[in-house]
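So the chains spell out like this:
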Amino acid sequence: MSETALSHYGQWGAVVIWIIIYGVFLLFLPFYKKSQRKPTTAYLAFVIAYAFEMFGIPMSMYFVAWAFGRNLPDGILWGHTLNQYIGNWGMYVCIVLSIIGGLLVIFGWRAIHKNYWRYESGEGKLVDAGIYKYMRHPQYTGFLLITLGMIFEWATIPLLIMWPILFTVYYRLARKEEQDMIREFGEQYVAYKKRTGMFLPKSPPL
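Residues numbered from 1 in each chain as written. Predicted model: local features only at pLDDT ≥ 70, side-chain atom pairs only at ≥ 80, totals over all residues. Heavy atoms only, no water.

Draft legend 1. Expanded view of the overall build of the chain. Along the backbone of the chain there are 8 helices and 0 strands. Sequence-ordered secondary structure for the chain, helices as α and strands as β, is α-α-α-α-α-α-α-α. (Helix = DSSP H or I, 4+ residues; strand = E, 2+ residues; numbered from the N terminus.)

Dropping the structure here:
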């Protein structure tokens with residue numbers, strides 16, 4: 001019997017391992033902040049959906065079968081969905097984006113924890129060095145890159161629906177935090193905001 005993507009499902013140990021691997025990055029967030037609960041939940045839900053679709057249950061396949069009364073072949077909304085178009089490059093892109101995203105999360109945590117999070121409100125200083133010299137929310141960029149990489153690896157219905165929601169959650173949180181920073185640091189933060197990008201480095205003026 002020929003091997004298909006469906007034969008790789010039901011690996012619940014792998015599901016748990018992948019959730020732990022990608023969930024580790026949440027340790028670099030300030031859990032004491034209520035504002036982090038919604039994006040943390042959204043990111044974790046994305047990771048769980050990714051792991052379930054990859055190793056546990058092909059939810060997209062079952063949805064299509066239920067909605068349209070037919071099964072789709074491997075590579076269409078389940079399995080390695082982009083393999084037929086870009087081969088193994090989807091896996092390579094996922095690895096690269098996960099590494100870059102993970103580094104942004106970790107380096108962002110190191111800089112802001114040392115100079116801001118560990119202080120009580122109003123006692124920390126504005127963090128505008130290191131990775132924060134180029135973008136205002138490198139950790140959120142990191143989480144968005146990690147989850148985008150997952151889509152390149154395993155572009156299924158839940159992930160395609162959830163990623164724009166995840167982006168919106170982080171964008172709104174970033175806007176809210178920037179308003180808080182303006183109230184705390186005033187013109188110092190306004191000037192910092194003008195010379196940096198929100199999620200990506202700001203292009204130099206032409």
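Next, the rest of the story.
Draft legend 2. Quick look at the nonpolar core. Counting residues in hydrophobic clusters, the biggest one holds 33 residues, and the most contacted among them are Tyr22, Tyr43, Tyr50, Phe143, Met150 and Tyr170. Counting residues per element, this core draws most heavily on helix α2 (residues 37–56), which supplies 9 residues. In this view, Tyr22 contacts Tyr43, Val47, Tyr50, Cys94, Ser98, Ile146 and Met150; residues no more than four positions away in its chain are not counted. Ranked by size, the runner-up nonpolar core spans 10 residues in total, among them Ala111, Tyr116, Met181 and Phe185. (Core = buried A, V, L, I, M, F, W, Y, C linked by side-chain atoms within 4.5 Å. Buried < 20%, exposed > 50% of the residue type's maximum accessible area, 1.4 Å probe, protein only. Contact = heavy atoms within 4.5 Å.)

Draft legend 3. Fine view of the packing of aromatic side chains. For the structure on display, the rule yields 13 aromatic pairs. With a centroid separation of 6.1 Å and an interplanar angle of 75 degrees, the aromatic rings of Trp18 and Tyr50 are classed as edge-to-face. In this pair, Trp18 sits in helix α1 (residues 12–23) while Tyr50 sits in helix α2, placing the two residues 32 residues apart along the sequence. When its relative accessible area of 1% is taken as the criterion, Tyr50 is described as buried. Ring centres of Tyr43 and Phe143 lie 4.7 Å apart, and the angle between their planes is 65 degrees; this geometry places the pair in the edge-to-face category. (Phe/Tyr/Trp six-rings, centres within 6.5 Å; stacked < 30°, edge-to-face > 60°.)

Draft legend 4. Region of interest: the side chain of Ser98. For Ser98, the location among the structural elements is in helix α5 (residues 89–117). Looking at Ser98, the relative accessible area reads 12%, which means it is buried. Within the structure, the side chain of Ser98 is placed 2.7 Å from the backbone oxygen of Cys94, a separation counted as a polar contact. For Ser98, the contacting residues outside a window of four places in its chain are Tyr22 and Ile146. (Polar contact = N/O pair within 3.5 Å; in protein donor to acceptor, adjacent residues only side chain to side chain.)

Draft legend 5. Up close: the environment of Tyr192. Of note, Tyr192 is situated in helix α8 (residues 187–195). When the C-alpha positions of Tyr192 and Val127 are compared, they lie 9.6 Å apart, and in sequence the two are 65 residues distant. Apart from the residues lying within four places of it in its own chain, the contact partners of Tyr192 are Leu126, Val127, Asp128, Tyr132, Met135 and Arg136.

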